[in-house]
Structure formats: C-alpha cells, structure tokens
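Breakdown of the fold
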Amino acid sequence: MAGDKVSIHGSWASRWVFILAATGSAVGLGSIWKFPYMTGVYGGGAFVLMFLLCIALLGLPVMLAETLIGRRSRQSPANALRELALDAAHSHKWSWAAFAGMITALLILSFYSVVGGWSLDYIVDLGRGDFQGIGAEQAGRYFADMVSDPWRLILWHTLFMLLSAWVIARGVVAGLERSLRIMMPLLFVLLLILLGYSLTTGYFMAGVHFMFNLDTSRLLDGLLPAMGHAFFSLSVGVGSILIYGAYMPKSSSIAGTVVAVALLDTFVSLLAGLALFPIVFSAGLNASEGPGLMFVTLPLAFGNVAFGQLMGVVFFVLVAVAAWSSAISLLEPMVAYLVERTKVSRLWVTAALAFICWFVGLGTVFSFNIWKEAKFFVSEGGAFQLYQWGATGGLDLFGVIDFFTSRIMLPLGALTFVVFASWVMGREAVRDELAMRNASLFAVTFFLMRYVAPLGILIVFAAQLLK
Ligand code: TRP
C-alpha cells in the first residue's frame, strides 16, 4: 500500500544522494562549533561519554523512526503523521506534535543562520590576513569585536539566510547533490589537516585527556545537554530527517544508511574536538569559554602556520557549506508542508518563512550586543526572577532559544517520532519499511525503538528535574 506513494517534491536519484543529503544535514555547526564548546562547558569526558551513549541508544532509533515515517508517507512531517495515524486508526492529532517540531526547526534556524553568518565573516577576515601571527588575546578580542557590532552580524546573517532560502526555493532535490559531493569529503580532509596541526602543539594528549577522562561527579550535570545535543547533531526531533526520508527511493535500505550517517556525524564531532582542544590548551585559553570557542581557537591555528591564510579561508568556506546544507534541512519541513497544504508556490512560501526566521534571528544577533544585559531565568541568592536587566547569572535571549529548542523541544519531538513509529504504526509497518534481512537484528532494533529510546528520554528528563 504505502510502497507506491510518490513525493510531490521530487526524490533523490539514489540511496547515495540520500546519504549525502542526510550527512549534509547532520554534519554542520552542531559538530564543529557546538559540540566542542559544549564539551568545554560541561566538563569534557563526562559530556562526551553521555553524548556518545545518547547517540547510540536514543538518537539512532529516533533517526530510524523519522526516516521510515518519511519514506512510508512521502509527505511533510505534519501530513505524514496525520495520514499514517489515520491509516492505523489513531487520532489525527498526532500531526500537531509534528507541527510543533516544524516550528522548532524554524526557531533553530533563526540562530543557526546567525552563527553560519559568523563563519561567512571569518572567510573574509582570514582572506584579508587579519589573523596573521595573531595571539590568543587578540583572537579573543577579534571575536568579541565582531559580535559586538549588530550591523556586521546582521549583514552576514542576511546573506546566510538568503543562501539557504535560494536552494530551498529551487527544491532541495535539485540543488544539493553537486556541491555536497565535493565539499563534504573536503571538509573531512581539512579537519584532518587541522588535527595534524594540533598534534604539533605539544598539547595533543592534554586535549585527548580532557575529552575522554571521566569526571563522574559531572555525569548528571551534562546529561540533558548531551541528550539534546545528540538529537541536534543528528538533525532529529523536528522532521528534517523525516522529510529527507520522504524523498528516499523505496529500494534503499534504511538501517544501514542511517547508521552510516550517524557514524560520520559523530566522527566529525570527535575530530573537531580533537583538533580544537589541543589549541585551546596550548594557547592557555579557557575550555569553557562558550559559543566563541571555535572562532577564537581556529584563527590561532591558521594565523600561525605556513599557508594558514589559504587553508583558513578554505576551512571556513567548508564550515559555511556544512552549515548551509544543515540550514536547508531546517527550512524544508515547513516549506514542504505549506506547499502541500496551500496553493502558494514554493518560492513564496520559502521567501515568507525565511523572512520570519531572519526576523526572529535578530533576537540572537542582539543578545550578543545591545541586549547582552537582558537576562532571563535569573536565580540570584535563592530568589528566582523571570527577567532582569544586567543580572550576572541567567540566560540571554540566544541562551533561552537554545535551551528551549535543544533541551525541551528536540527531546519531545524525538519522543513523538519514535513512539509514533513503534507504537502507532506498529511492528509490522516498521518491519516492512526497514526490510532488514536479519531477524534478530530487527528484534533488537525494534526493542530500542519501542522501549529503550522512549524510556531513556523520559528518564533523562526525570533525572534533570530531580537533580
Ligand atoms: N544537525 C545540524 C548540525 O549539527 C543542525 C540541524 C539540521 C538540526 N537539521 C536539524 C538540528 C534538525 C536539530 C534538528 O549542525
């Protein structure tokens, strides 16, 4: 029955293109920018361990669920859940949860585009030679200067959003393949070169130690952040992977493909960490410095090696491409939905949504400068306040959006999809769609989807609340 459905948005030419697109979606700022800084903030090894466990036990089952839901229904997340739920004689209200996910994707895109913009800015800065022979303190100041200038951030944020919208307006299936085929492998090579550089700093083992030494007292601390980031990194929980699954040819094996994508993504994260932390320690920087970590450390590497200027430009171009191929997967679910539901053309739907995301993104822009002092969820000396200007603790607006999306909405979205596939669609539908040859492997996979992932997500939430 479901096998004959076709997507109105087109489909990938082959399984290989799905791998490229899904890897393009997964590998991005999450691996290169966010993973290292979160590892720094949450104390190294404990966070890394939790992250890896969450990828394997929670992220993978969810990713499988999303892909198979997408491929079975061939529609945008909300319509997929509506139709499959009705098929299985369940409530159409499941689609509301998917709708919330699609909105979450747009919220993520709003700040993602700002940070994508930072990497565009750095392409130019490196190309100009701004970082030649730079020291740690200057690199820190350079980043601080950049983010303190709202106009500069807006310029690049705008450009990044336009680039993403452009591909989506033309249709994902058409635009993606050619660029990713070259860029993704190249990104990998440059990360290896960076790793080579960090080997020469004399602090490589310090980096390794930081990332893999287990401080058990911090395990609980980083648990919810690690889970949220595992979903973020794999692009699951909002329908990005679902919509890419919807464009997947029927003949492709889902399980092998999804595992390959998850492995690649995790590998890039670890590589990025191993490349960055030795530089952090050799320059005496603070590992828990936060979102600026990558933008302060990398100029140090590129500013102080032969051919650094050229390599730096190439590297940031690749980071921007990786970010761009992720950003489009954040926009696509809602675009596909509106194209399905309305008579408005893809071009106008894309333009309108990109504008909204751009506008919301201004909040993130300003939280690094003119709204820097606006703090939410402040608890000072035992007293809790929702909002206070100029407080020392609390979250800025970017922090709030990041917290709400990664720690609350992504896990809830992930829970929705994995429960939907394994409980609503049920074993037979999942078996049919996964078409795994090995029966015991299927049994284990289904067990992970049906029990381990949902319970795991709930336990992590509970642990956070009881902490
Ligand atoms: N995974 C991407 C990254 O790591 C970001 C991303 C794309 C994403 N699509 C997503 C995150 C959907 C959460 C949900 O850079």
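The structure this text deals with has already been given above.
Residues numbered from 1 in each chain as written. Predicted model: local features only at pLDDT ≥ 70, side-chain atom pairs only at ≥ 80, totals over all residues. Heavy atoms only, no water.

1. Observations concerning the nonpolar core
- Trp12, Ile69, Trp118, Phe315 and Phe316 are the most contacted members of the largest nonpolar core, which has 165 residues in total.
- When residues of this core are assigned to their parent elements, the largest contribution, 17 residues, is made by helix H15 (residues 308–341).
- With near-sequence residues (within four places) excluded, Trp12 lies in contact with Val17, Phe18, Ala21, Val172, Val173, Leu176, Tyr244, Tyr247, Met248 and Pro249. (Core = buried A, V, L, I, M, F, W, Y, C linked by side-chain atoms within 4.5 Å. Buried < 20%, exposed > 50% of the residue type's maximum accessible area, 1.4 Å probe, protein only. Helix = DSSP H or I, 4+ residues; strand = E, 2+ residues; numbered from the N terminus. Contact = heavy atoms within 4.5 Å.)

2. Some details on the site of the ligand
- Taken together, 17 residues lie near the ligand, and Ala26, Gly30, Tyr112, Phe232 and Ser235 sit nearest.
- In this structure, a nitrogen atom belonging to the ligand sits 2.9 Å away from a side-chain N or O atom of Ser235.
- When the free accessible area of the ligand is taken as 360 Å², the share hidden by the protein chains comes to 100%.
- In this structure, the ligand is accommodated by the largest cavity. (Near = heavy atom within 4 Å. Polar contact = N/O pair within 3.5 Å; in protein donor to acceptor, adjacent residues only side chain to side chain. Areas by Shrake-Rupley, 256 points an atom, 1.4 Å probe, with all protein chains shown as cover. 1 Å grid on protein atoms, 1.4 Å probe; cavity = no way out; pocket = protein on both sides within 12 Å on 5 of 7 lines; lining within 4 Å. Sits in = over half its atoms within 2 Å of the grid points.)

3. Here we look at unusual backbone geometry
- Despite not being glycine, Arg74 has its phi angle at roughly 60°, a positive value.
- Its location among the elements puts Arg74 in the loop between helix H3 (45–73) and helix H4 (77–87).
- With a relative accessible area of 8%, Arg74 lands in the buried category.
- Positive phi outside glycine occurs at Ala89, with the angle close to 60°.

4. Things to note about the pattern of salt bridges
- Applying the stated rule across the entire model yields 13 salt bridges.
- In this structure, Asp402 and Lys34 form a salt bridge, with 2.8 Å as the shortest nitrogen-oxygen distance. A residue pair is termed long-range when its members are at least 10 positions apart, and Asp402 in helix H17 (residues 397–434) and Lys34 in helix H2 (residues 29–41) qualify at 368 residues.
- For the salt bridge of Arg72 with Glu433, the shortest nitrogen-to-oxygen distance reads 2.7 Å. Taken together, the residues span a long stretch of sequence, with Arg72 in helix H3 and Glu433 in helix H17 at a distance of 361 residues.
- Among the residues examined, Glu433 registers a relative accessible area of 1% and is labelled buried.
- One connected set of salt bridges, linked through shared partners, spans Arg71, Arg72, Lys250, Asp432 and Glu433. (Salt bridge = Lys/Arg side-chain N within 4 Å of Asp/Glu carboxyl O.)

5. Regarding empty space enclosed by the protein
- If you walk through the whole model with that rule in mind, you get two cavities of 30 Å³ or more.
- For the largest cavity, the calculated volume is near 140 Å³.
- The wall of the largest cavity is formed by 17 residues, among which Ser25, Ile108, Phe232, Ser235 and Leu330 lie closest to the centre.
- Those elements that provide at least two residues to the lining of the largest cavity are helix H1 (15–26), H2, helix H5 (94–128), helix H11 (223–234) and H15.
- By volume, the second largest cavity is sized at about 40 Å³.
- Taken together, Ile32, Leu191, Leu194, Ala272, Ala275, Leu276, Met294, Leu298 and Phe315 make up the full set of residues lining the second largest cavity.
- Of all the elements in the fold, those that place two or more residues in the lining of the second largest cavity are helix H9 (177–200), helix H13 (254–282) and helix H14 (293–303). (Points joined across faces, edges and corners; volume = space filled by probe spheres on them.)

6. Quick notes on the packing of H2 against H13
- Direction vectors running N to C along H2 and H13 enclose 60°, while the axes themselves pass 9 Å from each other. The orientation of H2 relative to H13 falls into the category oblique. The interaxial crossing formed by H2 with H13 has right-handed handedness. Between H2 and H13, the contacting residues are Ser31, Ile32, Phe35, Pro36, Thr39 and Gly40 on the first element and Asp265, Val268, Ser269, Leu270, Ala272, Gly273, Leu276 and Phe277 on the second.
- Grouping the amino acids of the contact of H2 with H13 by side-chain chemistry returns eight nonpolar, five polar and one charged. (Axes fitted to C-alpha atoms, helices over the stretch in contact; angles between N-to-C directions. Parallel < 35°, antiparallel > 145°, perpendicular 65-115°, else oblique. Left-handed = near helix turned anticlockwise from the far one by under 90°. Nonpolar A, V, L, I, M, F, W, Y, C, P; charged D, E, K, R; others polar.)

7. Some thoughts on the layout of surface pockets
- Each pocket or cavity is described by its volume, and for the largest pocket that value is around 950 Å³.
- Elements represented by at least two residues in the lining of the largest pocket include exactly H2, helix H6 (136–147), H11 and H17.
- If you tally residues by element for the lining of the largest pocket, the top one is H17, at five residues.
- As a volume, the second largest pocket reaches approximately 340 Å³.
- Along the walls of the second largest pocket sit 17 residues, with Ala255, Gly256, Met436, Leu441 and Thr445 positioned nearest its centre.
- Looking at the lining of the second largest pocket, the elements with two or more residues in it are H3, H13 and helix H18 (439–466).
- Residue composition of the lining of the second largest pocket, by class: 12 nonpolar, four polar and one charged.

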